[in-house]
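Working through the structure, step by step
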Amino acid sequence: AQSVTQLGSHVSVSEGALVLLRCNYSSSVPPYLFWYVQYPNQGLQLLLKYTSAATLVKGINGFEAEFKKSETSFHLTKPSAHMSDAAEYFCAVSETLPDKLIFGTGTRLQVFP
Amino acid sequence: GAGVSQSPSNKVTEKGKDVELRCDPISGHTALYWYRQSLGQGLEFLIYFQGNSAPDKSGLPSDRFSAERTGGSVSTLTIQRTQQEDSAVYLCASSLGAGETQYFGPGTRLLVL
């Protein structure tokens, strides 16, 4: 069965510092992988997705993620955090059609000035 | 209408009452998904529609939960005889079709007293 593990329910960084949010997945077939962001009292917004085209995926707002099959990981990074990046981030996997998303438990990112 | 809309945005009900939650997908999107976000369970898939049919209902937690979609557009999620554990944010998403990016609505926050 598919599953996603997000290490660290809370991550705090200083403005301008590197952001690293960790995601490991379990899938019996090559998966589709996603990162979504949720701002307070808002719905989920897609940051980026991996669908086997390229292992390094660039998304919106300067975020990127690298698919590493050997490590079953899809970590999200951003070189320099901004205050507006404070939100909750969800990693998700989908391997079957219809493509229901299986979500991780989320990581809340705090950015300090 | 640019995005997925959901109504009501908030719903407070008494245990044992029935509730109906509505989702208006993005125009032209044939696939529609319901998810639930709760403190204890995180983000969970409930049901998927392709057109008016629901090929995947595997996430519905009990027979008190049902959903329908009419005209390939609006969907209603109904919870009968609500219980306190049904309290959660119910999220709807739509996509152009299976395998396409899912766009989420702002959710309906349900509180069962």
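Above this text sits the structure in question.
All of these numbers come straight from a predicted model, not from anything done at the bench. In this convention, every chain numbers its residues from 1, walking through the sequence in written order. The lettering of chains begins at A and the numbering of ligands begins at 1, in the order of writing. pLDDT decides what is reported in this predicted model: residues at 70 or higher carry local features, side-chain atom pairs at 80 or more are listed and counted, and totals for whole chains, interfaces and linings draw on all residues regardless. The side-chain numbers reported here are obtained from all heavy atoms of the structure, hydrogens and water having been left aside.

1. Some points on the packing of aromatic side chains
Residues and elements named next belong to chain A. Note on aromatic contacts: the rings of Phe and Tyr and the six-membered ring of Trp form a pair at centre separations within 6.5 Å, being stacked when their planes are under 30 degrees apart, edge-to-face when over 60 apart, and tilted otherwise. Overall, the coordinates contain 14 aromatic pairs over all chains when judged by the stated rule. Seen in terms of ring centroids, Y50 and F67 are 4.2 Å apart; in terms of plane orientation they differ by 15°. Their pairing is stacked. With Y50 in strand 6 (residues 44–50) and F67 in strand 8 (residues 64–68), this residue pair connects regions lying 17 residues apart in the sequence. One exposure class covers both Y50 and F67, and it is buried. Working definition: helices are DSSP H or I runs of at least four residues, strands are E runs of at least two. Numbering for both runs from the N terminus. Three labels apply to residues, based on accessible area from a 1.4 Å probe with only protein chains included: buried if under 20% of the type maximum, exposed if over 50%, partly exposed otherwise in between.

2. What to know about the interface of chain B and chain A
The contact criterion used is simple: two residues touch if any of their non-hydrogen atoms lie within 4.5 Å. Chain B puts 18 residues into the contact, and the matching count from chain A is 15 residues. Values labelled buried area give the accessible surface lost by two parts on being combined, using a 1.4 Å probe and summing over both. Together chain B and chain A conceal approximately 1,500 Å² of surface at their shared face, both sides included; 57% is due to carbon and sulfur atoms. For the chain B face of the interface with chain A, the top three residues by lost area are L43, T101 and F104 of chain B, together amounting to 35%. One speaks of a salt bridge when a side-chain nitrogen belonging to Lys or Arg is within 4 Å of a carboxyl oxygen belonging to Asp or Glu. One can count one salt bridge joining chain B with chain A. Between K100 of chain A and D56 of chain B there is a salt bridge, with the nearest N and O atoms lying 3.7 Å from each other. A 3.5 Å cut-off defines polar contacts: any pair of N or O atoms within that distance qualifies, except that in protein one atom must be a possible hydrogen donor and the other a possible acceptor, and neighbouring residues in sequence count only when both atoms are side-chain atoms. Linking chain B with chain A are five residue pairs in polar contact (both at pLDDT 80 or more), by the criterion used here. For the side of chain B that touches chain A, the secondary structure elements donating two or more residues are strand 4 (31–38) and strand 5 (42–50) of chain B. Residues were grouped as follows: Ala, Val, Leu, Ile, Met, Phe, Trp, Tyr, Cys and Pro as nonpolar; Asp, Glu, Lys and Arg as charged; and all remaining residues, including Gly, as polar. For the side of chain B that touches chain A, a count of residues per class yields nine nonpolar, six polar and three charged.

3. Section: the pairing of strand 8 (residues 75–79) of chain B
All names here are of chain B. Across the five residues that make up strand 8, a large majority, five, are buried. Strand pairing follows a simple DSSP-based rule, namely that at least 2 bridges must link the two strands. Pairing of strand 3 (residues 19–24) with strand 8, which is carried by five bridges, proceeds in the antiparallel orientation. When the bridges of strand 8 are listed, E20 appears paired with T78.

4. Quick notes on the state of the cysteines
All names here are of chain B. Criterion for a disulfide: a pair of cysteine sulfur atoms at a distance within 2.5 Å. Considering all chains together, one arrives at two disulfides over all chains under this definition. One disulfide bridge connects C23 with C92, the sulfur atoms lying 1.9 Å from each other. Here the disulfide of C23 and C92 is left-handed, its torsion about the S-S bond being about -65°. In this pair, C23 is assigned in strand 3 and C92 in strand 9 (residues 88–95), connecting sequence segments 69 residues apart. Side by side, C23 and C92 carry an identical accessibility label, which is buried.

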